[in-house]
Amino acid sequence: MNAVDFTKLNKLTAKSFNDQKALIKKVMAGRLIKCRICQQPLKLIHPSESDKPGIYCQQGCTQIELDMS
């Protein structure tokens, strides 16, 4: 992998991280956000509801586990 490829990969990774962070903020703020794959609403699961808190869709396409300790 050369420097140009590494730079492209770094930019893509940073964009993906920032997109996911924005999605998490929107769901935690109570906005209705749909899964990109199945179009089902994403749901925030609190630590009191499950041992794996995070953001999930009903079908399991989107699974974002959050450390909420």
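Values in this document were obtained by computation on a predicted structure and should not be read as measured data.

Rules behind the numbers
Residues numbered from 1 in each chain as written. Predicted model: local features only at pLDDT ≥ 70, side-chain atom pairs only at ≥ 80, totals over all residues. Heavy atoms only, no water. 1 Å grid on protein atoms, 1.4 Å probe; cavity = no way out; pocket = protein on both sides within 12 Å on 5 of 7 lines; lining within 4 Å. Points joined across faces, edges and corners; volume = space filled by probe spheres on them. Nonpolar A, V, L, I, M, F, W, Y, C, P; charged D, E, K, R; others polar. Disulfide = S-S within 2.5 Å. Helix = DSSP H or I, 4+ residues; strand = E, 2+ residues; numbered from the N terminus. Polar contact = N/O pair within 3.5 Å; in protein donor to acceptor, adjacent residues only side chain to side chain.

**Student:** What is the right way to read the layout of surface pockets from this model?
**Tutor:** One number sums up the size of the largest pocket: a volume of about 370 Å³. Around the largest pocket, the lining is made up of 16 residues, and of these Asp-19, Gln-20, Leu-23, Arg-36 and Ile-64 lie nearest the centre. Residue composition of the lining of the largest pocket, by class: 9 nonpolar, 3 polar and 4 charged.

**Student:** Teacher, can you tell me more about the state of the cysteines here?
**Tutor:** By definition, a disulfide links two cysteine residues through a covalent bond between their sulfur atoms. For the structure on display, the rule yields 0 disulfides. You can see Cys-57 has no disulfide; the closest cysteine sulfur is in Cys-38, sitting 3.8 Å from it. Distance from the sulfur of Cys-61, which forms no disulfide, to the nearest cysteine sulfur (Cys-38) is 3.9 Å.

**Student:** Is there a simple way to think about the environment of Asn-2 in this case?
**Tutor:** With respect to the helices and strands, Asn-2 occurs in the segment before helix H1 (3-28). Taking C-alpha positions, Asn-2 is 40 Å from Ser-69, a pair spaced 67 residues apart along the chain. Among the polar contacts made by the side chain of Asn-2, one reaches the main-chain amide nitrogen of Val-4 at a distance of 3.1 Å.

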